[in-house]
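So you can see what is in the structure, the chains are spelled out below.
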Amino acid sequence: MSDSPTRDALAEAAARVLQLRAELARHDHAYYVLDAPLIPDADYDALFRELQDLEQRWPQLRVADSPTQRVGGAPLPEFAQVQHRVPMLSIRTETDTTAQGAVAFDQRLRNRLGLDSDAPPLQYQAELKFDGLAISVRYEHGVLVQGATRGDGQTGEDVTQNVRTIRNLPLRLQGAAPQVLEVRGEVLMKRADFLRYNAAQRARGLPTLVNPRNGAAGSIRQLDPQVAAQRPLSFFAYGWGEIAGWPDQPRTQHEMLDAFARMGLPVAAQRACGAGAAALAEFHARVLGERDTLPFDIDGVVYKVDSLALQAELGYRNREPVWAVAHKYPAQERSTRLLAIEVQVGRTGKLTPVARLEPVFVGGVTVTSATLHNEDEVRRKDVRIGDTVIVRRAGDVIPEIVGVLGERREPGAQPFDLQGLLHGACPVCGSQIEREPGEVDWRCSGGLYCSAQRKQALLHYASRLAMDIEGLGERLVDQIVDAGLVHGLPDIYALRAEQLAELPRMAAKSADNLVRAIRASLRTTLARFIYALGIRHVGEATAKELARHFGGLQALLDADVQRLERVPDIGPVVAASIHTFFAQAHNREVVRQLLDAGIAWEETEGATLSRHLEGHTFVLTGTLPTLGREQARERIEAAGGKVSASVSRKTRWVVAGAEPGSKLERARELGIEVIDETALLQLLQAPADSPAEP
Ligand code: IVH
């Protein structure tokens with residue numbers, strides 16, 4: 001009797017585990033197959049964790065078809081072989097991509113069946129031709145037990161572990177399941193998943209996938225299931241292999257797909273049953289129109305004789321079914337020549353290499369250029385000017401270069417070097433370009449001046465935490481720049497209400513208000529102004545810190561990297577960014593013009609361009625109550641003073657804090673005036689014309 005509480009607990013856990021698995025399977029189906037989630041992700045995660053915990057505590061409850069087993073096991077040295085009990089064959093392709101392709105197929109079958117023109121039309125099922133990788137998924141008594149690639153059609157590879165990671169594939173079928181059901185279908189990567197995955201890889205400087213098809217094929221044949229689990233794969237069912245013990249077995253292709261859907265298997269919604277060639281041609285045309293809006297790539301449609309009995313009668317020829325045909329669409333990948341690589345400057349200063357291509361018709365449009373994303377990407381693909389490249393355009397996605405036909409490379413073609421190509425200067429404004437360690441993008445450092453960045457610069461400058469110019473939002477920035485009223489930031493201070501009132505959709509009153517808001521922004525704080533300049537990595541908090549630390553703008557402009565790094569919370573990357581920014585003559589000029597326009601801030605910030613302590617040397621000793629040693633030094637220097645390490649007759653003031661050292665004694669010996677922090681702060685704030693005595 002002693003272990004009965006444990007037995008009770010186990011029974012309770014077992015019941016809960018079953019409940020959780022059923023619940024999670026229901027949510028997976030709703031989310032991944034029906035695309036209609038029932039609960040928020042966080043709720044799902046909570047259920048998932050509860051199941052994980054229970055299985056951890058009670059290992060005897062673990063089973064292969066638990067949703068927790070989707071995340072993959074240990075890496076394999078190689079895949080085991082799988083003999084297909086029903087071979088996995090491919091289908092013949094109708095080469096004529098016009099409607100005539102459907103007519104030719106229908107006619108062929110009618111001839112073979114000896115049907116004359118009076119005989120009724122054949123019934124067909126039309127489906128999508130998924131552009132992925134064929135797999136066979138075996139369910140026994142409703143439980144997923146094996147996944148296999150097609151291989152040579154007879155022998156494939158056992159990819160069960162990876163197949164389990166496909167999120168829209170049920171690990172257990174719904175309802176009454178056949179004893180054995182081998183589902184045949186296609187593994188693919190949805191376009192959005194592919195783009196998201198590649199964007200994440202690119203951001204981390206990791207290799208990207210060439211296209212969704214290669215992505216799917218590579219992922220399913222990953223020996224490390226943990227890696228496969230990271231790749232977002234989907235599955236769509238279109239047929240079966242071995243089946244056994246299925247009482248009311250479907251008799252047509254469309255009943256088969258409907259039965260699959262009822263079992264919770266993913267089946268594409270785009271499928272149609274119809275009579276004769278006309279129905280097939282109509283499906284072909286309709287799906288072509290929808291091709292770009294489908295969530296995944298297709299390379300055509302597939303026509304099948306609907307009756308399974310008639311399929312069997314028609315049989316196979318040359319290892320291809322007579323009863324099915326693929327009717328293709330024009331390709332979404334073509335090769336062409338890379339004529340040049342140009343570099344575009346984005347509105348945030350990011351430099352993007354863009355390929356200029358010999359015009360090529362691909363994915364339904366003529367393509368003359370394609371993004372190359374960034375320098376690393378170009379190097380990884382080893383794309384060189386003059387190369388023959390493969391261009392891909394799928395959906396309304398921007399065209400991309402996915403690879404190079406290496407054997408056609410011209411001798412002497414050089415690897416891509418962005419900095420060399422641009423001679424280190426922004427192609428728009430000539431400012432220095434920079435690339436931070438760990439970053440994949442080169443950027444233009446002329447943020448205030450570069451015309452490619454001016455809209456962004458203006459928008460940021462006017463934003464609430466910066467100069468806070470109410471009314472100067474995106475639409476207006478577009479208008480005043482496009483109308484040529486504003487070229488650079490300082491131009492906004494010259495805007496007149498009459499000019500603004502002439503803009504479309506601009507009332508006289510709004511124009512007045514805007515001019516007033518622009519004027520009002522002239523009185524600001526040093527921190528806001530620094531933030532408004534839009535220096536990379538200088539957010540609101542950093543701007544405040546810089547204002548506090550330097551006290552004035554001039555000291556900040558003059559600061560070298562070492563000095564910037566002494567500011568609390570500013571590391572080498574931020575320091576370098578600030579330094580490069582102010583090292584650009586154009587940026588400094590814009591700052592000067594802004595100040596000339598009348599920008600001013602409170603003197604209490606210590607922000608003054610006056611050098612009223614010029615010619616005076618200070619010595620600091622002991623700990624000051626509020627100012628750090630560095631801060632005190634920066635502020636004295638900002639006002640034109642000098643700070644020396646030792647007291648001499650040239651010393652004008654010794655500033656003493658708590659626990660001063662021998663410098664204080666020396667000052668007394670030499671009769672040099674000793675002041676405290678309060679007196680120093682007064683000195684620092686004194687009017688520009690005459691240095692006040694404390
Ligand atoms: S039926 C015995 N239906 O296209 C006929 N195949 O060469 C088995 N495919 O490798 C194929 N979508 O992976 C069928 N709706 C569909 C399909 C489809 C894509 C693939 C399949 C095969 C190739 C045909």
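Notes on the structure follow. Values in this document were obtained by computation on a predicted structure and should not be read as measured data.

1. What about the pairing of strand S17 (residues 388-392)?
The buried fraction of S17 amounts to four of the five residues, a majority that puts the element mostly inside the structure. The pairing of strand S14 (residues 333-345) with S17 spans five bridges and is classified as antiparallel. When the sheet's bridge partners are listed, Ser335 is paired in S17 with Ile390. Bridge analysis of S17 against strand S18 (residues 400-404) gives four bridges, and the strand direction is antiparallel. Each residue of the ladder has a partner; that of Ile390, found in S18, is Gly403.

2. With respect to the pairing of strand S4 (residues 133-140)
Extensive coverage of S4 is indicated by the burial of six of its eight residues. Here S4 pairs with strand S7 (residues 180-188) via eight bridges, running antiparallel. Paired with Leu133 across the two strands is Val187, which belongs to S7. Direction of pairing for S4 relative to strand S5 (residues 143-149): antiparallel, over a ladder of six bridges. Bridging across to S5, Ser136 finds its partner in Ala148. Hairpin remark: S4 followed by S5, antiparallel, with two residues in the connecting loop; positive phi at His141, about 50°.

3. Looking at the packing of aromatic side chains
Evaluated as defined, the whole model comprises twelve aromatic pairs. Between the aromatic rings of Tyr316 and Trp323, the centroid separation amounts to 6.3 Å while the plane-to-plane angle is 85°, which identifies the pairing as edge-to-face. Members of the aromatic cluster, joined through ring pairs, are Phe105, Tyr124 and Tyr303.

4. Structural notes on the packing of helix H3 (residues 100-113) against helix H9 (residues 276-290)
H9 packs onto H3 with a crossing angle of 145° between their chain directions and a minimal axis gap of 8 Å. Note that H3 runs across H9; the crossing there is right-handed. Seen from H3, the contacting residues are Ala102, Val103, Phe105 and Asp106; seen from H9, they are Gly276, Ala277, Leu280 and Ala281.

5. Quick look at the sheet that holds S7
On the basis of which strands lie adjacent, the open sheet formed by four strands has the order S5-S4-S7-S8 and antiparallel pairing. What marks the edges here is a single partner per strand, and that holds for S5 and strand S8 (234-244). With direction set aside, neighbouring strand axes in the sheet form an average angle of 25°. In this fold helix H8 (residues 253-262) packs onto S7 and S8, with an angle of close to 110° to the strand it touches most, S8.

6. Comments concerning the sheet that holds strand S3 (residues 123-130)
On the basis of which strands lie adjacent, the open sheet formed by five strands has the order S2-S13-S10-S3-S9 and mixed pairing. In this open sheet, the two strands that pair with only one neighbour each are strand S2 (93-94) and strand S9 (272-275). Where S3 and S9 come together, four bridges link them in antiparallel fashion. Paired with Tyr124 across the two strands is Gly274, which belongs to S9. Across the face of the sheet, H8 comes into contact with S3, S9 and strand S10 (298-305) while running at roughly 50° to S3.

7. Considering the site of the ligand
In the vicinity of the ligand lie 14 residues, with Ile91, Glu127, Leu128, Glu186 and Tyr238 positioned nearest. For the ligand, the accessible surface in isolation is 520 Å², of which the surrounding protein chains cover 87%. When residues of the shell around the ligand are traced back to their parent elements, those giving at least two are S3 and S10. At four residues, S3 tops the list of elements feeding residues into the shell around the ligand. Here the residues of the shell around the ligand sort into eight nonpolar, one polar and five charged.

8. Some words on unusual backbone geometry
Even without a glycine there, the phi angle at His141 is positive, about 50°. Within the element layout of this structure, His141 appears in the loop between S4 and S5. The exposed category is assigned to His141, whose relative accessible area is 59%. A positive phi angle is found at Asp382, which is not glycine, with a value near 50°. Among the structural elements, Asp382 can be located in the loop between helix H11 (375-381) and S17.

9. Here we look at the environment of Glu614
Residue position: Glu614 is located in the loop between strand S22 (600-601) and strand S23 (617-621). Taking relative accessible area as the criterion, Glu614 reaches 48% and is therefore assigned partly exposed. Along the primary structure Glu614 and Ala11 are separated by 603 residues, whereas in three dimensions their C-alpha atoms are 85 Å apart. In this view, Glu614 contacts Ala639, Gly640 and Gly641; residues no more than four positions away in its chain are not counted.

Rules used throughout
- Residues numbered from 1 in each chain as written.
- Predicted model: local features only at pLDDT ≥ 70, side-chain atom pairs only at ≥ 80, totals over all residues.
- Heavy atoms only, no water.
- Buried < 20%, exposed > 50% of the residue type's maximum accessible area, 1.4 Å probe, protein only.
- Helix = DSSP H or I, 4+ residues; strand = E, 2+ residues; numbered from the N terminus.
- Pairing = 2+ DSSP bridges.
- Phe/Tyr/Trp six-rings, centres within 6.5 Å; stacked < 30°, edge-to-face > 60°.
- Axes fitted to C-alpha atoms, helices over the stretch in contact; angles between N-to-C directions.
- Left-handed = near helix turned anticlockwise from the far one by under 90°.
- Contact = heavy atoms within 4.5 Å.
- Near = heavy atom within 4 Å.
- Areas by Shrake-Rupley, 256 points an atom, 1.4 Å probe, with all protein chains shown as cover.
- Nonpolar A, V, L, I, M, F, W, Y, C, P; charged D, E, K, R; others polar.

Limitation: the analysis is restricted to geometry and does not speak to function.
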